[in-house]
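Descriptive structure summary
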Amino acid sequence: MKNANTSTSEKKGDTFKISSSLSEWAKTLGGEQEQEETARQSSLVSSATKNDDVGVGIGSSNDENDTVTNYKPFDRESSSSSSSSSSSSKKSFAMDKNSRRRERTNIRQASNDAKVLQIKQQLNDITDLISSKNLPVEDLVSKIKTLTQLPTPVTLKALLNQKAKDYTLAWVGSDEAICHIGTGLHKVPLARLQDIFITIGRDGSGESKTFRLMEVIRILGPFPNVRNTLEGKVTKLYSQEYDNGDDDAALKNGGALGKDTIQICYDSMMDGLGKQINAGTVDNLRFVDLEVLFADEQALVCVVPPNLLSNNKGDDDSNDTVEGTGTGMDRIGEK
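Worth saying up front: this structure is predicted, and the values here are computed from it rather than measured.

**Section: the overall build of the protein chain**
Across its full length, the protein chain carries seven helices and 11 strands. Looking at the 335 residues of the protein chain, the share that counts as buried comes to 27%. For the protein chain, restricting intrachain contacts to residue pairs at least 6 apart in sequence, the fraction spanning at least 24 positions comes to 61%.

Structural data, given as structure tokens:
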């Protein structure tokens, strides 16, 4: 028994050793694996250095072995060609859009020039008739009706919002029309109406739709002329267009293609002595209604609304919207 215990303790105290040949074989095997891994990584790096277009990424994963990820680069030529083609298509589209816009502008400008030329020719004929010694009223009214049938390149609403324009009275069909829009002071004894000037549009302060009427009255005898000025605004504007093919609608409007109905509110007056008289209260405001049969930068054709005429009952001529109640205003300086 003693001998058995002694042998057991000796075995526990002894150290187990690996043979030298086995350890040398293990070292040789590990070195070969390291050399292979080093050679593999060096080959990847060298290939990446030679070809700049190839991206190489070396990363680690949950596995024991390292994984290598290759990133395929973008095709520079194809991407540049696609971007250039898209940019060229955008440019061509923009050029086509601009060319179409210029073409529409040119067509519109040519149409407006033709309208202006027609209006000028008609106004020249009207001016010649007015300046004649024996004024043929019927021919003049016919010319004015023809003028109202011409299309204009600008509307009355646009004129009221543009820079102020001056007009002078060219012809009026009755004294009642003058009294309707003016002061009526020319009807006093020894007074004669000399001229009437109208200014419409945006004034110097920037306010639009302004309306100013100046009437020059000549006093018989050794007295200076008197100028009365009425100032206000266009407070209401109602436009009514007629179809060119609607003959019935055109006939109802005296042959005009369209008309504007406006209401003028006078809120101040300057008399012949230069004294400014303001309305002060709403009760002192004066409202004037007009029908505008033609509105252009060169001329205005206005008539008194038929329902406001005092002699429109029992008068066969009252149905005519131009003759007897119309006023013609020409631009100052226009011939």
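Past the structure itself, the notes keep going.
**Focus: the side chain of glutamate 291**
Note that glutamate 291 resides in strand 9 (residues 286-295). With residues near it in sequence (within four places) discarded, glutamate 291 still touches Lys259, Asp260, Thr261, Val301, Cys302, Val303, Pro305 and Pro306.

**Examining unusual backbone geometry**
One non-glycine residue with positive phi stands out, namely leucine 190, at about 65°. Counting through the fold element by element, leucine 190 comes out in the loop between helix 6 (175-181) and strand 4 (191-201). In the Ramachandran plot, lysine 209 falls in the positive-phi region, its phi being about 60° despite a non-glycine side chain. Of note, lysine 209 is situated in the loop between strand 4 and strand 5 (210-219).

**Remarks on the side chain of aspartate 260**
Relative to the helices and strands, aspartate 260 resides in strand 7 (residues 258-270). One buried charge, aspartate 260, has no salt-bridge partner; the nearest side chain with opposite charge is lysine 157, at 9.8 Å. There is a polar contact of 2.7 Å between the side chain of aspartate 260 and the side chain of serine 239.

**Points about the nonpolar core**
With 23 residues, the main nonpolar core has Phe211, Leu213 and Tyr266 as its most contacted residues. Of all the secondary-structure elements, those providing two or more residues to this core are helix 5 (156-161), helix 6, strand 4, strand 5, strand 6 (226-241), strand 7, strand 9 and strand 10 (299-303). In terms of residues, this core owes the most to one element, strand 9, which gives four residues. Each residue touching tyrosine 266, except ones within four places of it in the same chain, is listed here: Ile181, Phe211, Leu213, Leu230, Glu231, Gly232, Leu285, Arg286 and Val288. Formed by 15 residues, the second largest nonpolar core is a distinct cluster that contains Ile119, Leu123, Leu140 and Phe294.

**What to know about the environment of isoleucine 200**
Assignment of secondary structure puts isoleucine 200 in strand 4. Under the relative-accessibility criterion, isoleucine 200 is labelled buried at 3%. Separated by 32 residues in sequence, isoleucine 200 and glycine 232 place their C-alpha atoms 9.9 Å apart. In this structure, isoleucine 200 is in contact with Leu160, Lys163, Ala164, Lys165, Tyr167, Thr210, Phe211 and Leu300, ignoring residues within four places of it in sequence.

**Concerning the packing of aromatic side chains**
For the coordinates displayed, the defined rule picks out one aromatic pair. Ring centres of phenylalanine 211 and tyrosine 266 lie 6.2 Å apart, and the angle between their planes is 55°; on these two criteria the pair is classed as tilted. Taken together, the residues span a long stretch of sequence, with phenylalanine 211 in strand 5 and tyrosine 266 in strand 7 at a distance of 55 residues. In terms of burial, phenylalanine 211 and tyrosine 266 fall into one category: buried.

**Points about the pairing of strand 5**
A large share of strand 5 lies buried, amounting to seven of its 10 residues. When strand 4 meets strand 5, the two strands line up antiparallel, connected through 10 bridges. By the bridge assignment, threonine 199 is partnered in strand 5 with arginine 212.

Calculation rules
- Residues numbered from 1 in each chain as written.
- Predicted model: local features only at pLDDT ≥ 70, side-chain atom pairs only at ≥ 80, totals over all residues.
- Heavy atoms only, no water.
- Helix = DSSP H or I, 4+ residues; strand = E, 2+ residues; numbered from the N terminus.
- Buried < 20%, exposed > 50% of the residue type's maximum accessible area, 1.4 Å probe, protein only.
- Contact = heavy atoms within 4.5 Å.
- Lys, Arg positive; Asp, Glu negative; His and termini not counted.
- Salt bridge = Lys/Arg side-chain N within 4 Å of Asp/Glu carboxyl O.
- Polar contact = N/O pair within 3.5 Å; in protein donor to acceptor, adjacent residues only side chain to side chain.
- Core = buried A, V, L, I, M, F, W, Y, C linked by side-chain atoms within 4.5 Å.
- Phe/Tyr/Trp six-rings, centres within 6.5 Å; stacked < 30°, edge-to-face > 60°.
- Pairing = 2+ DSSP bridges.

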